[in-house]
Amino acid sequence: MPENNATQPGTDGLENRRAFLGKFASAVFAGMVLGGAEVKAEEGKTTLALPSRSPDGPIRPELEYEDVLVRMQRELEAALERPIQKWVMVIDTRKCVGCHACTIACAVENKLPPGVVYRPVIEEQIGEYPNVSWRFTPRPCMQCDKPPCVPVCPVGATWKSADGIVDIDYNTCIGCRYCLTACPYQARTSDFGDHWTDGTPGQGQMPYEELPMFEYGKEWKRDGHKSPVGNARKCHFCRHRLQQGLLPQCTTSCIGRATFFGDANDPSSLVSQLIHKPNATRLKEELGTEPRVYYLV
């Protein structure tokens, strides 16, 4: 029989764990108090109230976080209250993982047929062996302030709008494809009237291929050779979504939060802050096209 003062098996480890947890809890409690937490004692109970605001009033950033999508949506709604906007897109290439979610989301949103891509993601292998890596560059329409595609159009079917978006009138476009050649970013493609189910077994098109699209705020049905079939097509920052107070689909679908959108006329907006960072750049700036799409590198 063990003596009364003998230690029972396993009790040493249990006591050590209890002592450690006690010290850990005390340290956390002390840290919270030093950080500004308020200790209250009421009716024998002790409670800890975490401060949500600093003594000066603003919310402490370490205690409250606003997702960039929420911020951009809030700023978009405020921008639409102003008479003129200057829409700008910023893409952080350091955050892009090459998932192509923006490409697919754009195709679904705009009911894009085969061969028409508004937002491809360019993949490049950079560096020298063994120090090599992949770089992903989403490439929407640059919405240039001096777009080379506009003056070459023989019928005036494309123009630069006051808000910075380069628009296309599908009913005026004759499909000459001069603008496709003039664009130095290869941001325009031609709609040849193809369907995803062409050449596959079945009875004609699938129902999803017959759904209308709503580019530029109008309803378009792919019916024979009528517009937009035969037209030049490109990214338009989802103008139809902007008109409804929604962010572009590529922005909301980016899983890495690598795409930012907003009004550069607002100096406090997220995009205004980003485009003035030292690592902000634009593609082929030497051409003088003055793109509205910026990249963080």
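Keep in mind that this is a model prediction, so the values were computed, not measured.

Peer 1: Looking at this model, I keep getting lost on the overall build of the protein chain. Mind explaining?
Peer 2: Tallying secondary structure elements over the protein chain gives seven helices and 12 strands in all. For the protein chain, with 297 residues in total, the buried portion stands at 40%. Considering only contacts within the protein chain whose residues lie at least 6 apart along the sequence, 59% involve residues at least 24 apart. Of the roughly 17,500 Å² of accessible surface on the protein chain, a fraction of 56% belongs to carbon and sulfur atoms.

Peer 1: Explain the pattern of salt bridges here, please?
Peer 2: When the charged atoms of two side chains with opposite charge come close together, those side chains can pair. The final tally for this structure, using the stated rule, is 17 salt bridges. Close ionic contact of R233 with D191 constitutes a salt bridge, the shortest N to O distance being 2.8 Å. Residue R233 is found in strand 9 (residues 232–233), and its partner D191 is found in the loop between strand 8 (189–190) and strand 9; the two are separated by 42 residues along the sequence. Taking relative accessible area as the criterion, D191 reaches 1% and is therefore assigned buried. Residues joined by salt bridges that share partners form a network here, namely D191, E215, R222 and R233.

Peer 1: Which parts of the structure should I look at to understand unusual backbone geometry?
Peer 2: The residue after Y129, namely P130, is reached through a cis peptide bond having omega 5 degrees. The residue after S227, namely P228, is reached through a cis peptide bond having omega 10 degrees. For P228, the position within the fold is in the loop between strand 8 and strand 9.

Peer 1: What should I look at first to understand the sheet that holds strand 3 (residues 87–92) in this one?
Peer 2: Backbone-to-backbone hydrogen bonds pair the strands of a sheet. The strands run either parallel or antiparallel. Taking strand neighbours across the sheet as the criterion, the four strands line up as 10-3-12-11 in an open arrangement whose pairing is mixed. Looking at strand neighbours, the two that pair on one side only are strand 10 (259–263) and strand 11 (280–281), the edges of this open sheet. The pairing of strand 11 with strand 12 (residues 293–296) spans two bridges and is antiparallel. When the sheet's bridge partners are listed, T281 is paired in strand 12 with Y295.

Peer 1: Looking at this structure, how should I read helix 3 (residues 101–109)?
Peer 2: In an α-helix there are 3.6 residues to a turn, and that puts residues three or four apart on one side. Among the residues of helix 3, C102, T103, A105, C106 and E109 are the ones counted as buried. Structurally, helix 3 contributes buried residues whose contacts are with strand 4 (121–128), helix 5 (239–242) and helix 6 (249–253). K111 sits one or two residues past helix 3 and shows a positive phi near 50 degrees.

Peer 1: Please clarify how the nonpolar core should be interpreted in this entry.
Peer 2: Soluble globular proteins tend to bury their nonpolar side chains together. The biggest cluster of nonpolar side chains holds 47 residues, and the ones touching the most others in it are W87, V90 and F237. When contributions to this core are tallied by element, the ones reaching two or more residues are helix 2 (68–79), strand 3, helix 3, strand 10, helix 7 (270–274) and strand 12. The element that contributes the greatest number of residues to this core is strand 3, accounting for five residues. Those residues within four positions of W87 in sequence are excluded, and the remaining contacts are L76, A79, L80, D163, I165, F237, L242, F261, G262, D263 and R292. Membership of the second largest hydrophobic core comes to seven residues, among which are C149, C153, A157 and C179.

Peer 1: What is the right way to read the pairing of strand 5 (residues 131–138) from this model?
Peer 2: Consecutive side chains along a regular strand alternate between the two faces of the sheet. Across eight bridges, strand 4 lies against strand 5 in antiparallel orientation. Residue pairing in the sheet places I126 in a bridge with S133 of strand 5. Adjacent in sequence and paired antiparallel, strand 4 and strand 5 are bridged by two residues.

Peer 1: What is the right way to read the confidence of the model for the protein chain from this model?
Peer 2: Predicted coordinates in regions of low pLDDT should not be interpreted in detail. For the protein chain, per-residue confidence averages 86 on the pLDDT scale, and residues scoring 70 or more make up 78% of the total. Contacts from residues 32–41, a stretch scored under 50 in pLDDT, to residues over four places away or in other chains number 22 contacts.

Peer 1: What is the right way to look at the state of the cysteines in this model?
Peer 2: Structurally, a disulfide amounts to a covalent bond that connects the sulfur atoms of two cysteines. This model, assessed by the stated rule, comprises zero disulfides. For the unlinked cysteine C106, the closest cysteine sulfur is that of C238, found at 6.0 Å. With no disulfide of its own, C183 lies closest to C149 among cysteine sulfurs, the gap being 6.3 Å. According to the relative accessible area criterion, C183 is buried, its value standing at 11%.

Scoring rules and cut-offs
Residues numbered from 1 in each chain as written. Predicted model: local features only at pLDDT ≥ 70, side-chain atom pairs only at ≥ 80, totals over all residues. Heavy atoms only, no water. Helix = DSSP H or I, 4+ residues; strand = E, 2+ residues; numbered from the N terminus. Buried < 20%, exposed > 50% of the residue type's maximum accessible area, 1.4 Å probe, protein only. Contact = heavy atoms within 4.5 Å. Areas by Shrake-Rupley, 256 points an atom, 1.4 Å probe, with all protein chains shown as cover. Salt bridge = Lys/Arg side-chain N within 4 Å of Asp/Glu carboxyl O. Pairing = 2+ DSSP bridges. Core = buried A, V, L, I, M, F, W, Y, C linked by side-chain atoms within 4.5 Å. pLDDT = per-residue confidence, 0-100. Disulfide = S-S within 2.5 Å.

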